[in-house]
Amino acid sequence: MKPAQRRWIFLIGAAGLVAFFLWGLFGLPGFGRYPGPYGFIINSIALRQTYATGTVSAVNFGYRGFDTVGEEFILFAAAAGVSTVLRRLRGERERSAVDEAADRDVPPTSGAVRMMALILTGPIVVFGWWLASHAQASPSGGFQGGVILATAFILVYLAGEFLVFKRFSPVGLTDAVEAVGAGGFAAIGVAAVGMGLAYLTNFLPKGQFAGAVSSAGTIPLISFFVGLEVAAAFILIVAELLEQTLLIRRGDG
Amino acid sequence: MQYFPFVVVAWILAVGLYGIVTSRHLVHQIICLIVVQSSTYVLLLGVGYVTGAVAPYYFDVKVHTPAVDPVVQALALTDVVVEAAVTALLCSFAIQAHKRFGTLDPQELASLKG
Amino acid sequence: MDQLLAFVVAVPLLVAAAITAAGPLLGRRRRLLDAIAILAAASVAVMLAVIMVRTAGGDEVYWFAGIRPARGAVIGIDFEAGSLSAGLALLAALLVTAAMTFSWRYFQRVATHYHTLMLTFLAGMAGFCLTGDIFDMFVWFELMGVSAYALTAYRPEERGPLQGALNFAITNSVGAYLSLSGIGLIYGRTGALNMAQIGVYVSRHPASQLVVVAFLLIISGLLIKSAIVPFHFWLADAHAVAPTPACVLFSGVMVELGLYGIARVYWSMFGQALGHRAAISHVFVALGVLTAVAGALFCFRERHIKRMLAFSTISHAGIFLTGIALLTPLGLTGTATYVAGHGLVKAALFLCTGIVLHRLGSVNETWLHGRGRHLRVTGVVFTLAAFGLADLPPFATFLGKGYIDDSAWAHGLPWVMGVFIACAILTGGAVFRVAGGVFYGLGDAPSEDAEMAEMASEETSETGSDKQRTPLTMIIPPALLVACAAVIGLITQLGRAVQAAAIRFEDQAGYNATVLAGAHIAHPVAIAASESTGITVTDVLTGTGSAAGALVLACLALYWRRLPLLRRGYEPGAGLTAPIQRFQSGVVNDYVTWIVLGLACLGGVLALVVR
């Protein structure tokens, strides 16, 4: 189709689709008038049942934990896909002579960037870890903490060179950590089955104080594994993408 | 204005789809896909809101205080992280496509036709 | 509660993670890696077979994390397994096992990623079939999708896979997000994500505008996945370039899962609420017939064997949709049986094509003419599978088609039978043309189409070495699959058993009671009278007729230059080239445009019909 034709056909179709969608949206109860009952029931029983004050995490890793296993494996499959598609192919060399020459023209990293990156790396690791381990207490959890943990590694890339970043996160290890994270979550479910309960039942002791770090049974444990997996997945993805900057120079040097 | 957020949802969806359809750059197209998914986040979070209610975190708030729906927040937060990874997968297709075809224009990727 | 239902999904996921974690160890021990993966898939198949048999007398519900309904509402996630859903998941597991056996040792693999992606694909398919929660269904749909995108782009050193994967990914993602919008919409009204609970709420309140819109949006993603016209353009692109084992899964079961999803969403959630059964039925029957005819026409014209099989899948998807859209137990029975037969036979066809690719290095029908003569066993299996595709008795495809035809006839749509015979003749004819030309050297080579030739010859071999013989692991799976398809058709009790399962599937009140109240429904209430599942003379005649017609058409296509009538240069199918190319352009912008336009039209029609 010619672009102009396509635009017209699309505009007609979109007008219809949007009108149809709006027609349905106006059947909703109105913004701010959530009718329940799912949210209201969870809000009233989650604290009592799971000892988690962070209800969203209780939903994510407890009541709808099985959904989260699936989502986590989507992440896992996507990372595996990126590794497959961006693998080194025939005719591509990883480090051409140009890249390794001693007198190559290295654009200097700005001193300010280097300093900020190095100063921030430590606190960000701690912050990410804190987020990942406090799923049951506050608006945090494995997903959020994992992404922030991954950014700490990316700061290493910003502060220095790509090769240093690669040394910190070798592919085999990152792959393995990712798999342990994903498999760990699924395995916790199986552990519950091993105890005669349904898959992913919260079988660990709930702790004394709701919202403490060591409370809410399996929720913080699952959150920990999720954090591992998400962090490893994003480090892997970024490493693969950055590696392409080396590989794209086919036929050089 | 009770339905304003939902009108925004439909608008974002339309904008994203328009971007995909008229795109001449693969990365632009992939980002427009993210825009389409953003409309679903607005929808999910919008339907779960309760006027005058607090966040569903009971650390310092008593249990029976009216709170917003935690379920949609849980759905949206996992979706955001997963979408980032799926976008990375699509971008990796784009990188390889650029290497093979020499162009990132979806209308020039002509090896499959008919 | 029996834990088997949880293991069906947990096992492939755990094995996928374990394989990746042990990557460095397993990377070189290919046979061990293959064996582990095949064993995992086979064990899932066995579990699903057990579940399918066990649920023949009543559906089983499994509550994850032990969270049962509280205060009359469902707050957890459940798996709701019936014979039909377990049976479809079983087909998926069988095809994954066959595909991985086929790729034993010879397939070019990248570390452990191929096995990981196949296993996550399997987990996604099994979870999609068994789940009783609409958002959970979306999650497994996404998992299936992502694994499929990655598998399609498996060989990024060629141009085709990248374009195919991009088209596939963008169109299906748009569909997934539209479905999610529908889920958000229905959640905003009902406050529930469980299908039974939504069904109960929605049927108690009069069909409002929101219900219609939510229904269309939720099935939009499923319609795109099922490759229904005009949402089908991505399928041919993806099939042309994906590696053979992936094609087996796409055509054999992934497309059918989309149709299952549509049936499930309709029967478990929106059936009672939408009402207007006859009108809705007519709308979707029309869509199904359109798809069947378009797919058949495109199929006949193709010279790229994998793309041809892809278009034949589109045609069959249309037939399946019609069977579901008749909204009767016999129609659903027909679709279920046909899906089983078609999945097995189509998988065998793709695997044989993979053998041809391995031995001869091409899937271009024109180039391959006469070169497959020494592949005798493959030729036989391929031809038998082609008979299965053309609905010859006693294949399961013949049974399924017969049921759909009978149901259509009984509901005042007798012309449907004629249309489907024509489609079977066209698709069967194309496949017989390939069989005759490639494996037996019959007739004159089909005329060269420059673009087709270029596209097909870009498909370089996906296997490593030793092209002198066809390994047993490559030829035994398709042979077994074809044999299964024939044997299933011979089981006399099959029709009645499947129809009982279909009646149970369509009983919304029973489904709701089973999930929400833990009831055990021994005798489901049928929506329409259950019809006879005996094989009539008409069925046998139409089945044999389509097979015969397909053979005749194939002969015409192979020998047309020698026939005086056609000698004036009119080759069957040549006139279709230009219009087809204009639509199937390979540009994803076009595909999304058609999706939007198609949904707008469908939405308008539904809005008018349900008012």
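J.: Which residues make up the overall build of chain B, and what are the values?
T.: When helices and strands are counted, chain B shows three helices and zero strands. The order of helices and strands in chain B, counted from the N terminus, is α-α-α. In terms of overall size, chain B is more extended than a compact globule, its C-alpha atoms giving a radius of gyration of 19 Å where 114 residues would be expected to give roughly 13 Å. Its C-alpha atoms give chain B principal-axis dimensions of roughly 60 × 30 × 20 Å. Of all 114 residues assigned to chain B, the portion counted as buried reaches 50%. For chain B, the share of sequence-separated contacts (at least 6 apart) that also reach a separation of at least 24 residues comes to 51%.

J.: Which residues make up the interface of chain A and chain B, and what are the values?
T.: Residue-level contacts link 48 residues of chain A with 45 residues of chain B. Mapped by element, the contributors of at least two residues to the side of chain A that touches chain B are α1 (3-25), α2 (38-50), α3 (55-63), α4 (65-85), α7 (142-159) and α10 (218-247) of chain A. With nine residues, the single largest contributor to the side of chain A that touches chain B is α4(A). Of the residues belonging to the side of chain A that touches chain B, the class tally is 30 nonpolar, 14 polar and four charged.

J.: Go over the nonpolar core, please, and point to the residues and values.
T.: Core analysis: the largest hydrophobic core is formed by 359 residues, its most contacted members being C:Ala93, C:Leu122 and C:Ala126. With near-sequence residues (within four places) excluded, C:Leu122 lies in contact with C:Pro12, C:Ala41, C:Val44, C:Ala92, C:Ala93 and C:Val96.

J.: So what's going on with the interface of chain C and chain A? Which residues, and what values?
T.: For an interface, size is often stated in terms of accessible area lost upon the parts coming together. If you look at the interface, chain C gives 66 residues, while chain A gives 63 residues. Going through the elements one at a time, α1 (4-21), α2 (23-26), α5 (113-130), α6 (134-152), α7 (159-190), α9 (209-225) and α25 (588-610) of chain C are the ones with two or more residues in the side of chain C that touches chain A.

J.: Kindly report on the environment of C:Tyr338, identifying the contributing residues and their values.
T.: All names here are of chain C. Within the secondary structure, Tyr338 is located in helix α14 (residues 329-360). For Tyr338, a count of 26 C-beta atoms within 10 Å puts it in the buried group. Between the C-alpha atoms of Tyr338 and Gly400, which are 62 residues apart in sequence, the distance is 4.2 Å.

J.: Please provide a residue-by-residue account of the packing of helix α17 (residues 396-410) of chain C against helix α18 (residues 415-440) of chain C, values included.
T.: Residue and element names in this part refer to chain C. Relative orientation of the contacting elements α17 and α18 amounts to 150°, with a least axis distance of 8 Å. Classed by the angle they form, the pair α17 and α18 counts as roughly antiparallel. Contact with α17, carried on its side by Lys401, Asp405, Ala408 and Trp409, involves Val416, Met417 and Phe420 of α18 and no other residues of that element.

J.: Describe the confidence of the model for chain B, listing the residues and the values that go with them.
T.: For chain B, per-residue confidence averages 90 on the pLDDT scale, and 96% of positions sit at 70 or higher. Scored as a whole, the predicted complex attains pTM 0.94, and scored at its interfaces, ipTM 0.95.

J.: Report on the environment of A:Glu240, specifying residues and quantitative values.
T.: Residues and elements named next belong to chain A. With respect to the secondary-structure elements, Glu240 resides in helix α10. Residues Glu240 and Phe66, 174 residues apart in the sequence, show an inter-C-alpha distance of 29 Å. Setting aside its immediate chain neighbours within four residues, Glu240 contacts Val82, Ser83 and Leu86.

What counts, and at which threshold
- Residues numbered from 1 in each chain as written.
- Chains lettered and ligands numbered in written order.
- Predicted model: local features only at pLDDT ≥ 70, side-chain atom pairs only at ≥ 80, totals over all residues.
- Helix = DSSP H or I, 4+ residues; strand = E, 2+ residues; numbered from the N terminus.
- Rg over C-alpha atoms; globule rule 2.2 N^0.38 Å.
- Buried ≥ 20, exposed ≤ 12 C-beta atoms within 10 Å, placed from the backbone.
- Contact = placed C-beta atoms within 7 Å.
- Nonpolar A, V, L, I, M, F, W, Y, C, P; charged D, E, K, R; others polar.
- Core = buried A, V, L, I, M, F, W, Y, C linked by C-beta atoms within 7 Å.
- Axes fitted to C-alpha atoms, helices over the stretch in contact; angles between N-to-C directions.
- Parallel < 35°, antiparallel > 145°, perpendicular 65-115°, else oblique.
- pLDDT = per-residue confidence, 0-100.

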